[in-house]
Structures are given as C-alpha cells and as structure tokens.
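Given next are the chains, with one letter for each unit.
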2 protein chains.
Amino acid sequence: MSAINRRQMLGLMGGAAVVGLGAGSLGVTPVQAASMPVETTPFSWTPRILDPKEVQPIAYEGFYDRGFGCGYGVFYSIIGTMGKKWGAPYNSFPYSMLEMGKSGVSEWGTLCGALLGAVSAFSLFWGRKDRDPMVDELFRWYETAAFPMYTPPKNAKAAKLNEISLPTSVADSVLCHISVSRWSYKNGIPAQSKERSERCARITADTAKKAVEIMNAKINGTFKTTLAASDVRKSCVAEGCHGGTADKYASPTLKGKMDCTPCHTGSEHVQNKMVDHP
Amino acid sequence: MSAINRRQMLGLMGGAAVVGLGAGSLGVTPVQAASMPVETTPFSWTPRILDPKEVQPIAYEGFYDRGFGCGYGVFYSIIGTMGKKWGAPYNSFPYSMLEMGKSGVSEWGTLCGALLGAVSAFSLFWGRKDRDPMVDELFRWYETAAFPMYTPPKNAKAAKLNEISLPTSVADSVLCHISVSRWSYKNGIPAQSKERSERCARITADTAKKAVEIMNAKINGTFKTTLAASDVRKSCVAEGCHGGTADKYASPTLKGKMDCTPCHTGSEHVQNKMVDHP
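Residues numbered from 1 in each chain as written. Chains lettered and ligands numbered in written order. Predicted model: local features only at pLDDT ≥ 70, side-chain atom pairs only at ≥ 80, totals over all residues. Heavy atoms only, no water.

Caption draft 1: Highlighting the interface of chain B and chain A. Across the contact, 110 residues belong to chain B and 111 residues belong to chain A. Considering only the side of chain B, the residues that lose the most area to chain A are Met36(B), Trp108(B) and Lys255(B), jointly responsible for 11% of the buried surface there. Counting every contact that joins chain B to chain A gives 4 salt bridges. Of the charged contacts, one joins Arg128(B) and Glu99(A) as a salt bridge, the two residues approaching to 2.8 Å between their closest N and O atoms. Applying the counting criterion to the chain B and chain A interface returns 43 residue pairs in polar contact (both at pLDDT 80 or more). If you list the elements that add at least two residues to the side of chain B that touches chain A, you get helix 1 (6-13), helix 2 (15-22), helix 4 (69-86), helix 5 (113-122), helix 6 (128-144), helix 7 (176-187), helix 9 (231-238) and helix 10 (261-264) of chain B. (Contact = heavy atoms within 4.5 Å. Buried area = accessible area lost by both parts, 1.4 Å probe. Salt bridge = Lys/Arg side-chain N within 4 Å of Asp/Glu carboxyl O. Polar contact = N/O pair within 3.5 Å; in protein donor to acceptor, adjacent residues only side chain to side chain. Helix = DSSP H or I, 4+ residues; strand = E, 2+ residues; numbered from the N terminus.)

Pasting the structure below:
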C-alpha cells in the first residue's frame, strides 16, 4: 500500500498549515492565511480494504464509547481502523464530530446516524458520481433489512445487554424516526430504553459491515448496485409523474430517493392524529 | 485570540501523525500506529466569532463551486472563513467531505444538507449537551421560515440566476424532500430546475448566517433557545403519550424532534397515492 503523498497532505492540510508544521511551530502562533483555504485535491484520501468482520465489534463498542452513538461508531470503525493500520491521514480526523449523528442528527430523528457515519466515510474518498450509487446500495439495503442482525460477543467491553436476544423489524426507511419508532411500536419496547439503545448499537455494527463490503467492492472494481428502487417508487418516479424534468413529467416536484411507501400510501400512522385520537 | 495549542493539535492529529510530521516525514511511509487512534480531546477546536454577513456570499458561491452544493457551502463558509483568519486547525479539514450533504445526503432527500453543514461545524466545537439546544434553535427556525431570504449581489461570480426574484414557501420540515417538494408544488417550479437550485443556493446563505448568529451567541455566553416546539408536538410528546419513558407515557415509541404536522395530520399528500390517483 502506498503511503500518503505530498499532494494528498497539501490537499488535506492547506499550504499554511503544512508550512507551519514543517517549521516545527506546534504550539506557537499559526501562520495567518491571506485568503480562503483551497482544497486542491478534493476526495483525495486513498481508500483501503478492510475486513468487514473486524470493524463490527469496533463499531459496536464505538456506539457506547462516551455515548457517542451510531454515527461515531460506524465512522470510527472505518476511518479509525485505517488510522490504526496506515497512520495518516486517517488518524488525523476529529472523529468526535460524528457524534452529531446520534438519534438521527442531534436527536432530531432525520437520517439514521449509522448511515450518516458510513456516507461520511465514503465521502473522504469518492465524489458524488462514484459515491451516489454506493449510497443507493447501502440505503436500499437499510430500507429493506430486518434489524438488528449483529450478535455482540459475550465479553464485549461496552455492551449493556450483549447477551439478550432482541426482536427485529424491517426499518422501512432510512429515517431514524421511522426505523426506531416502527421497531418500538411493533415490539412494544419504548424508544427510550436500554433495549432500544442496544438495538441501535447492533445496527451500528451491521451498517459498518455493509459499508465496508461496498467500499471493498468499489476498491476492487467489482462494485455494482444490486438493489433496485421499490416497485412503488418506480411507478411514481421512473415511469410516472414525479421525477425528471418539466417537459416529460406531469408533476415534477419530487426531491429525494426515499421509498414512497411509509408516507404516501395512506397508512393508519399518517392519518389525522389531532382529531378523535385516543 | 489564542492560537491552536499543543493539546488541540495532539487531539486533532493523533500521536503517531504528529511524530511523523515532526520528523519531517511528509511524503514517505507514515508511522504505523500500534492501536486504534485515540482522540484525547473530543470537540477540542476553539470556536471563533464570525460576521454573519461575511459568510453569506461565501456560502452562496460555495453551493455552486464544482456543484458541491448546500452542505459544503454552509460548512466551508464557516470553517473555511476561520481558516482564512486563524489558520490551523480550521484550514486542515477535508472540506469536500461535506459535498455528501447535497440534496438531503447524496440525493436521498433526508436532512437538508445546509443544516447538515451547520451541525457538522457546530460539532467540531461542542458536544451534544451544548450542541443539541443550538441545533434545536436552528432546526425550528428552518421549519418555520419562509425561504429563500438571501438576495445575492448582482456581480456574484457563481450565480446562475442571481438577479431574478424567487417565490417563497415555509419549509415546514428539516427534510430536504418536504422542504423542496413543497416549494416546487406551491410555486409550480420543477424540483429539477435552475430556479430550484438557485433557491437552495440562497437557503445555503440563509442557513450559514443563522448558524453563525447562534454560534456567536454561544461563544458570547448569551445563547438561549427562543423557538419552542410546535403546539402539535407539545401535545403529542411533552404533554401526551409518545415521549418519555414507559412508566409515565402510554405509547412511548417516538424517536426524534421533527414537527409532527407534515406526516401525521392526514393531509392530502399522505393519503394513498397508489389507488385512484390521477
């Protein structure tokens, strides 16, 4: 494997910082930049092959580490493991930034933080043309998978409930709100419970494994998307009215790739809960 | 303002990388770390006061820069401007990573990428205890604001449509899918159009400004949340059944802080679109 090269380091650090470090100026006043920093080589980090089985326990433990959660767990298991094996630039990232993924970004229930951690890792290596199909594969897998899958080892350091068996549910959505609330509703387990946290710790391991499998295939030149959009989505978008441009489509107002089913099939969950609701 | 100190640089770089750089080893084989990299001081970057008016045009131009989009635009306008003024560590970040925020994370329509860029910047400085109220304030502002607000200068370098007037709509949600599709639906402008892109470029500037205002208040010790959750949400969660723990609440299955209204009040948009749909 090649070491980090000068081009990458310049891309990473910005000229001023590299000059400062080269002059041994750690701890003294940094060089003042005269203009906006320029990232000369975007997506310049070199991706590395990892063992999917190796990252799983790291992701699981990372979830519980200082309560940093799912986004940190997935990201640290991938980029941190690269840092362990290959040093810079992988060990230079301020990993705690990914704690923001917790509970769908600072508790808001938007994108599942485990997925955010994975996409964040992808994005150090690949721009949107290469990355978007990888994200599609990962997100479609998540929408249709029955979580959790991972079984933590009995001697896991951080595990709170590592020996119990947990019920599963299909996430149905990449949104934390739907993924968690469906699981809680189906299984009668509160969203704010140790069992639900343990579910998400295991999903952190599941997602890290899947993300590394996708990355490895990309690096090896064998990656291709295998999971198509749902039939519902194809009907609404690919063959229907809501995608594309104004010329071809009747109501081209749609933004996004999420499956339409959870929110647009009139289920009991999306009816008016403000009237005659128990 | 204090310069980056040794503790922060060690926290940022990891011991092995600092040793490697100190020995002038740029471009040669990096030091192999023996164990997982340890971030000794999470959230260790020093936050800086910025001029909200100064970041707006940078965020707007950043949206169009190489098509890197909203997440990159907001993040680069904040952390890049700090890099311009104070050098390291702000100029060391691989900014292109935030391109992933585009169109609600790699086109999926989940969390608005402009918000993701802002939370990512917050998260370099503040852990969840300090950050979550800042995020609440930013996200509630976004849910209720009529976008876009920003008017780009006529001489803006990157602007495609900088002199046109755009219609507005209340986002109603922090999700890109709802924010964009509502605007397109209300105003009859395709989601895949230059006008819609220009809307999002302006929202990138709007969000950068609001994020900096919140950060400045936090740094000055004057920050407090001013925007409460909607009455609907209070009814469902704070005074109702779906939050808290099992002991107190009847159906504690809820995860997240998004307003309930868009998806749980039975609007025409969430009825069954698979049956008798034109």
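Caption draft 2: Region of interest: the relation of the copies chain B and chain A. The operation relating chain B to chain A is a screw motion whose rotation component is 180 degrees, with 0.0 Å of axial translation and a residual RMSD of 0.0 Å. Both copies of the chain, as the preceding transformation shows, are related through a two-fold rotation axis. Here 100% of the interface residues in chain B have copies in chain A that are interface residues too; the copies meet face to matching face. (Least-squares fit on C-alpha atoms with pLDDT ≥ 70 in both.)

Caption draft 3: Quick look at the environment of Met274(A). Residue and element names in this part refer to chain A. Positionally, Met-274 belongs in the segment after helix 10 (261-264). The partly exposed category is assigned to Met-274, whose relative accessible area is 31%. Separated by 80 residues in the primary sequence, Met-274 and Lys-194 place their C-alpha atoms 30 Å from one another. (Buried < 20%, exposed > 50% of the residue type's maximum accessible area, 1.4 Å probe, protein only.)

Caption draft 4: View of the environment of Phe139(B). With respect to the helices and strands, the residue Phe139(B) is situated in helix 6. Relative accessible area serves as the criterion here: at 0%, Phe139(B) is assigned to the buried category. As a C-alpha pair, Phe139(B) and Met258(B) span 119 residues in sequence and 8.6 Å in three-dimensional space. Every residue in contact with Phe139(B), bar those within four places of it in the chain, is listed here: Val105(A), Trp108(A), Leu111(B), Leu115(B), Val119(B) and Val174(B).

Caption draft 5: Spotlight on helix 4 of chain B. Over its 18 residues, helix 4 of chain B extends 25 Å from the first C-alpha to the last, a length consistent with the 26 Å expected when each residue adds 1.5 Å. Along its length, helix 4 of chain B reaches its greatest deviation from straightness, about 35 degrees, at Tyr76(B). (Expected span 1.5 Å × (residues − 1). Bend = angle between axes of the 7 residues up to and from the residue.)

Caption draft 6: Representation of the nonpolar core. Formed by 139 residues in total, the largest nonpolar core has its most connected members in Ile79(A) and Ile79(B). Discounting residues that sit within four places of it in the chain, Ile79(A) has contacts with Trp45(A), Tyr90(A), Tyr95(A), Ala121(A), Leu124(A) and Phe125(A). (Core = buried A, V, L, I, M, F, W, Y, C linked by side-chain atoms within 4.5 Å.)

Caption draft 7: Molecular detail of helix 7 (residues 176-187) of chain A. Taking 1.5 Å of rise per residue, the 12 residues of helix 7 of chain A would be expected to cover 16 Å, and the 16 Å separating its terminal C-alpha atoms lies within 8% of that figure. Along helix 7 of chain A, the residues that are buried comprise Cys176(A), His177(A), Ile178(A), Ser179(A), Val180(A), Ser181(A), Trp183(A) and Ser184(A). Where helix 7 of chain A is buried, its residues meet helix 6 (128-144), strand 1 (146-147), strand 2 (169-170), helix 8 (194-220) and helix 10 of chain A together with helix 10 of chain B. Gly188(A) sits one or two residues past helix 7 of chain A and shows a positive phi near 65 degrees.

Caption draft 8: Looking closely at unusual backbone geometry. Looking along the chain, the bond that leaves Ala88(B) and enters Pro89(B) is cis, with omega of 0 degrees. Position of Pro89(B) among the secondary structure elements: in the loop between helix 4 and helix 5. Of the consecutive residues Phe147(B) and Pro148(B), the connecting peptide bond is found in the cis state with omega at -5 degrees. Within the secondary structure, Pro148(B) is located in the loop between strand 1 (146-147) and strand 2 (169-170). Its identity as a non-glycine residue notwithstanding, Glu107(A) has a phi of 75 degrees, on the positive side.

Caption draft 9: Summary view of the state of the cysteines. Residue and element names in this part refer to chain A. By the definition in use, this model includes 0 disulfides over all chains. With no disulfide of its own, Cys-70 lies 5.3 Å from the sulfur of Cys-112, the closest cysteine sulfur. The thiol sulfur of Cys-260 is not disulfide-bonded, and the nearest other cysteine sulfur, from Cys-236, lies at 4.1 Å. (Disulfide = S-S within 2.5 Å.)

Caption draft 10: Quick look at the packing of aromatic side chains. All names here are of chain A. Throughout the structure, instances matching the rule amount to 32 aromatic pairs over all chains. Here Tyr-60 and Tyr-64 contribute two aromatic rings whose centre-to-centre distance is 5.7 Å and whose plane-to-plane angle is 80 degrees, an arrangement assigned as edge-to-face. Remark: Tyr-64 and Tyr-60 occur in helix 3 (residues 52-64); sequence separation between them is 4 residues, near one turn of the helix. As far as the burial class goes, Tyr-60 and Tyr-64 line up, both buried. Taken together, a centroid distance of 5.6 Å and an interplanar angle of 65 degrees make the contact between Phe-125 and Trp-126 edge-to-face. For the pair Phe-125 and Trp-126, a shared accessibility class is recorded, and that class is buried. (Phe/Tyr/Trp six-rings, centres within 6.5 Å; stacked < 30°, edge-to-face > 60°.)

Caption draft 11: Inspection of the pattern of salt bridges at higher detail. Across all of its chains, the model carries 24 salt bridges over all chains by this definition. Note that Asp172(A) is salt-bridged to Arg182(A), the shortest N-O span being 3.4 Å. Here Asp172(A) is found in the loop between strand 2 and helix 7, whereas its partner Arg182(A) is found in helix 7, with 10 residues between them in sequence. With a relative accessible area of 36%, Arg182(A) lands in the partly exposed category. Across the pair Lys209(B) and Glu213(B) runs a salt bridge, and its minimum N-O distance is 3.0 Å. Here the residue Lys209(B) and the residue Glu213(B) both occupy positions in helix 8 (residues 194-220), the gap between them amounting to 4 residues, near one helical turn. Looking at Lys209(B), the relative accessible area reads 24%, which means it is partly exposed.

Note that every value here comes from positions in space, so none of it alone points to a role or purpose.
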